[in-house]
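Structural overview for review
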Amino acid sequence: MAPWSELAMTRTCTCIYHFLVLSWYIFLNYYISQQGGDQQKSKIFLNGGHWKYLTFLNLLLQAIFFGVACMEDVLKRIKGEKDIKFMTTFRDLLFTTLAFPISTFVFLSFWILFLYDRELVYPKALDGIFPVWLNHAMHTSILPFSLVEVMLRPHCYPRKKKGLTVLAGASIMYITRVLWIYSDTGTWVYPVFAKLSPVGLTAFFSLSYIFSAGIYLLGEKLNHWKWGDAMQPRKKRK
């Protein structure tokens, strides 16, 4: 077991890390929220606003997660407890079922489509509207932050059925919003959707969930590889 001073230093560094990443995500969310005043940028946010894009929803999700993680760090230091049951359970559920899978999905799906044909997801015209650093802040740095969190401390994964159900629920809600925006405005959130037939869309959304579920299971494997069974539920997971 690590000496008290080393353990205290680790907790302090973890708290500082969470605070810095939280501050970064708050800044990004604020910066993006101020872009609607620009005429060129406001056109991008028509028919659904910022929140029609999974990228921006993910930034909000990451801000919420790191806010919870930072609050838990502070409360543990104030109360002198190893864990605060409700906060720790909520933090782990949020990270394992949503924050890690969605951030990794956004990173991988964006760059795969971008490298294949950027016009399907991030048209070249956007380079003159959004700075390069913002594109990487939205689509690149999100993965390293999530991976550091995996390595920084163990997370207790729920039963597979529960975890995948939460992820499926979030996926269905977003897909429903995308379809509602199209039915209401006649425009797709992403250009790639306009290229697909109804059958193609069904296949795309289904494969996207399967991909996300695979990422969820990968996160569980990474957590087990780094931390072993120490944080896993005692009951057999189904």
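All values reported here derive from a predicted model rather than from experimental measurement.

Some thoughts on the overall build of the protein chain
- Within the protein chain, the regular secondary structure consists of 9 helices and 0 strands.
- Tracing the protein chain from N to C terminus, the helices and strands come up as α-α-α-α-α-α-α-α-α.
- Working note: accessible area of the protein chain is about 13400 Å², and carbon and sulfur atoms make up 70% of it.

Some points on the layout of surface pockets
- Reported here for the largest pocket is a volume of approximately 1200 Å³.
- Forming the boundary of the largest pocket are 49 residues, of which Tyr-53, Leu-54, Thr-55, Tyr-174 and Tyr-190 lie nearest the centre.
- Residue assignment for the lining of the largest pocket shows that the elements contributing at least two residues are α3 (54–79), α4 (85–117), α5 (132–139), α7 (160–185), α8 (191–194) and α9 (198–227).
- Of the residues contributing to the lining of the largest pocket, the split by class is 40 nonpolar, 8 polar and 1 charged.

Thoughts on the environment of Val-68
- When you line up the elements, Val-68 lands in helix α3.
- By relative accessible area, Val-68 is classed as buried at 11%.
- Distance in space between the C-alpha atoms of Val-68 and Phe-90 is 8.3 Å, their sequence separation being 22 residues.
- What Val-68 contacts, discounting residues up to four positions off in sequence, is Met-87, Phe-90, Arg-91 and Leu-94.

So, α4
- Between its first and last C-alpha atoms α4 spans 46 Å; for 33 residues at 1.5 Å apiece the expected length is 48 Å, and the two agree.
- At Phe-95, α4 shows its largest bend, some 45 degrees.

Brief notes about the environment of Phe-95
- Among the structural elements, Phe-95 can be located in helix α4.
- Contacts of Phe-95, omitting those with residues within four sequence positions, involve Phe-65, Phe-100, Pro-101, Ser-146, Glu-149, Val-150 and His-155.

Digging into the confidence of the model for the protein chain
- For the protein chain, the average pLDDT comes to 88, and 89% of its residues sit at 70 or higher.
- Here residues 234–238 is a poorly scored stretch, pLDDT under 50, and it has 11 contacts once near neighbours within four places are set aside; other chains count.

Section: the side chain of His-139
- Locating His-139 in the fold gives a position in helix α5.
- Assessed through its relative accessible area of 3%, His-139 is described here as buried.
- Side chain to side chain, His-139 and Thr-55 meet in a polar contact 2.9 Å long.
- The contacts of His-139, once residues within four sequence positions are left out, are Thr-55, Val-106, Phe-107, Phe-110, Trp-111 and Tyr-122.

Conventions and cut-offs
Residues numbered from 1 in each chain as written. Predicted model: local features only at pLDDT ≥ 70, side-chain atom pairs only at ≥ 80, totals over all residues. Heavy atoms only, no water. Helix = DSSP H or I, 4+ residues; strand = E, 2+ residues; numbered from the N terminus. Areas by Shrake-Rupley, 256 points an atom, 1.4 Å probe, with all protein chains shown as cover. 1 Å grid on protein atoms, 1.4 Å probe; cavity = no way out; pocket = protein on both sides within 12 Å on 5 of 7 lines; lining within 4 Å. Points joined across faces, edges and corners; volume = space filled by probe spheres on them. Nonpolar A, V, L, I, M, F, W, Y, C, P; charged D, E, K, R; others polar. Buried < 20%, exposed > 50% of the residue type's maximum accessible area, 1.4 Å probe, protein only. Contact = heavy atoms within 4.5 Å. Expected span 1.5 Å × (residues − 1). Bend = angle between axes of the 7 residues up to and from the residue. pLDDT = per-residue confidence, 0-100. Polar contact = N/O pair within 3.5 Å; in protein donor to acceptor, adjacent residues only side chain to side chain.

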